[in-house]
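Residue-level structure breakdown
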Amino acid sequence: MKVSIIGATGYTGAELLRILSNHSEVQIEVITSERQNTEDIRNIYPHLNALYKDIEPLKSIEDFREIAQRSDAVFIALPHGHSMKVVQKILAVNPKIKIIDLGADYRLKSKQTYKEWYKTDHLDPETDAAYGLTELNRKEVQSKNIIANPGCYTTASILALTPLVKNKFIDNKTIIVDAKSGATGAGRTLSLGNHFGEVFENFKAYGVASHRHTPEIEQEISKFADEEIIINFTPHLVPMNRGILSVCYANLAEGIDYKKVTEAFESEYGNEFFIRLLGEKAYPATKNVRGSNFCDIAWHIDSRTNRVIVLSAIDNLVKGASGQAVQNLNATFGLDERLGLTTAPLYP
């Protein structure tokens with residue numbers, strides 16, 4: 001497959017290049033950067049040296065016609081508001097091309113909800129994209145040309161909650177998601193809050209009751225619950241580069257115990273390679289998934305409060321972004337979903 005990356009110099013773009021260097025069925029065609037076009041990607045990211053000796057210098061996103069003509073698939077690794085400006089241009093040149101958007105522009109089905117949370121009008125409201133959480137939406141991913149790659153917090157949280165809401169094991173009005181992320185989740189653009197002196201030896205919440213991943217989590221778990229769900233979601237920034245730990249709480253329905261919860265998770269994910277069920281009373285850790293496309297899940301029951309607590313750990317740049325995008329690429333082309341993604345987690 002001939003693959004191009006729009007936005008190759010951000011963290012997710014660089015991670016795509018790292019992962020795809022091990023993919024036996026992919027040839028990188030065009031990579032772009034708006035700020036650093038004409039540069040050699042190996043000068044920007046020396047860790048890619050020797051892996052891409054013959055790669056062309058970075059181009060501009062304005063070269064969308066060349067990108068569309070030379071590619072079977074395109075990854076768009078841009079901030080929200082940018083993908084919707086180029087998707088239709090690319091499709092007009094090559095209607096059969098597969099587009100995997102790592103940004104937020106096609107994740108929300110309601111364009112009014114998009115406007116409310118992202119504070120901008122959607123410029124491409126007619127395009128219907130598959131929500132690319134492959135384990136839960138595999139058939140849709142395989143059938144559509146546009147795939148909306150999920151966010152990082154959402155991936156960890158939706159995977160943790162879906163077996164419970166799908167089986168009606170919890171009171172959906174009591175869901176709380178308390179999640180922590182490494183600093184790379186904010187992207188590579190410089191900002192005061194991400195400076196070393198601000199992050200190191202610090203731990204803080206942000207986006208309380210207002211984080212943009214909230215409606216995405218609600219949309220997807222509502223689909224499996226057959227009713228509209230509203231949650232409390234609080235994200236936190238922790239002083240590490242990679243990783244997300246999502247801790248999800250909810251009141252249990254009457255008669256639900258460890259056995260039923262375990263059966264629900266095993267039924268949903270027992271055959272999924274990238275979801276590792278650690279089981280009852282275990283403790284997923286970000287270090288155990290670092291650099292990998294795995295999601296580790298465990299569950300606890302607090303009999304004193306009648307609550308279930310599900311813990312989910314991922315690498316925000318891999319299963320929460322670029323690895324999941326490659327998994328979607330594999331799925332949409334009918335390939336083994338593990339291609340390029342079987343590297344063991346980095347430890348320690």
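Right, let's walk through the structure included here.

Criteria and thresholds
- Counting restarts for each chain: residues are numbered from 1 in the order of the written sequence.
- Per-residue local features of the predicted model are confined to residues with pLDDT of at least 70, and side-chain atom pairs are confined, for both listing and counting, to 80 or more; whole-chain, interface and lining totals are unaffected and use all residues.
- By convention in this description, side-chain values take in all heavy atoms of the structure and omit both hydrogens and water.
- What goes into a patch is any residue over 30% in relative accessible area without a salt bridge, connected to like charges within 9 Å or, for nonpolar side chains (Val, Leu, Ile, Met, Phe, Trp, Tyr), within 5 Å.
- Here the open area of atoms and residues is found with the Shrake-Rupley method and a 1.4 Å probe, where only the protein chains shown may cover a residue.
- Just to be clear on terms, a salt bridge is a Lys or Arg side-chain nitrogen sitting within 4 Å of an Asp or Glu carboxyl oxygen.
- In summary, the charge assignment counts Lys and Arg as positive and Asp and Glu as negative, without counting His or the chain termini.
- The location of each charge is read from NZ of Lys, CZ of Arg, CG of Asp or CD of Glu.
- We count a stretch as a helix when DSSP gives it H or I for four or more residues in a row; a strand needs E for two or more, and each element gets its number in order from the N terminus.
- Here the term buried applies to any residue with accessible area under 20% of the maximum for its type, exposed to any over 50%, and partly exposed to those in between, with areas from a 1.4 Å probe on protein chains only.
- For a helix, the expected span equals 1.5 Å multiplied by the number of residues minus one.
- By definition, residues are in contact when any of their heavy atoms lie within 4.5 Å.
- A strand pair is defined by DSSP finding two or more bridges across the two strands.
- Each aromatic pair joins two rings of Phe, Tyr and Trp (for Trp, the six-membered one) with centres within 6.5 Å, and gets the label stacked for planes under 30 degrees apart, edge-to-face for over 60, and tilted for any other angle.
- Note on geometry: a ring has a charge over it if NZ (lysine) or CZ (arginine) is within 6 Å of the ring centre and within 35 degrees of the ring normal.
- Structural elements are reduced to axes, namely lines fitted to C-alpha atoms, with helices fitted over the stretch in contact, and the angle between N-to-C directions of any two is expressed from 0 to 180 degrees.

1. Regarding a negative patch on the surface
A cluster of acidic residues, Asp257, Glu263, Glu266 and Glu280, forms a negative patch at the surface. Tracing the sequence through the fold places Asp257 in the loop between strand E10 (244-251) and helix H10 (258-269). The class for Asp257 is partly exposed, based on a relative accessible area of 37%.

2. Overview of helix H9 (residues 214-225)
Compared with an ideal rise of 1.5 Å per residue, which puts twelve residues at 16 Å, H9 spans 16 Å between its outermost C-alpha atoms and is within 8% of the ideal. A large share of H9 lies buried, amounting to eleven of its twelve residues. Three or more residues of H9 are buried, namely Thr214, Pro215, Glu216, Ile217, Glu218, Gln219, Glu220, Ile221, Ser222, Phe224 and Ala225. Packing partners of the buried residues in H9 comprise helix H5 (111-118), strand E5 (130-131), helix H6 (134-143), helix H7 (152-166) and strand E9 (232-237).

3. A short note on the sheet that holds strand E3 (residues 73-76)
Spatial strand order, E2-E1-E3-E4-E6-E5: six strands in an open sheet with parallel pairing. Unpaired on one side and paired on the other, strand E2 (27-31) and E5 mark the two borders of the sheet. Pairing of E5 with strand E6 (residues 146-148) involves two bridges; the strand directions are parallel. From the neighbouring strand, Tyr131 faces E6, where its bridge partner is Ala148.

4. Section: the packing of aromatic side chains
According to the stated counting rule, one finds eight aromatic pairs in the structure shown. When the centroid spacing of 5.3 Å and the interplanar angle of 70° are considered together, the rings of Tyr153 and Phe233 count as edge-to-face. In this pair, Tyr153 sits in helix H7 while Phe233 sits in strand E9, placing the two residues 80 residues apart along the sequence. For the pair formed by Tyr153 and Phe233, the shared burial category is buried. Note on Phe273 and Phe274: the rings are 5.0 Å apart at their centroids and 80° apart in plane angle, and the pair reads as edge-to-face. Classification of Phe274 as buried rests on a relative accessible area of 2%. Taken together through their ring pairs, the aromatic side chains of Phe265, Tyr269 and Trp299 make up a single cluster. The cationic tip of Lys287 hangs over the ring face of Tyr347; the distance from NZ or CZ to the ring centre is 6.0 Å. For the cation-ring pair, Arg338 lies above Phe273, with the distance from its terminal atom to the ring centre recorded as 5.5 Å.

5. Thoughts on the sheet that holds strand E13 (residues 307-314)
Each strand in a sheet pairs with another by means of backbone hydrogen bonds, the pair being arranged parallel or else antiparallel. Strand order in the open sheet formed by seven strands is E8-E9-E7-E10-E13-E12-E11, and the pairing between neighbours is mixed. Sheet topology places strand E8 (204-205) and strand E11 (275-280) at the edges, where each strand pairs with a single neighbour. Across the sheet, H10 lies against E11, strand E12 (295-302) and E13, angled at about 165° from E12, the strand it touches most.

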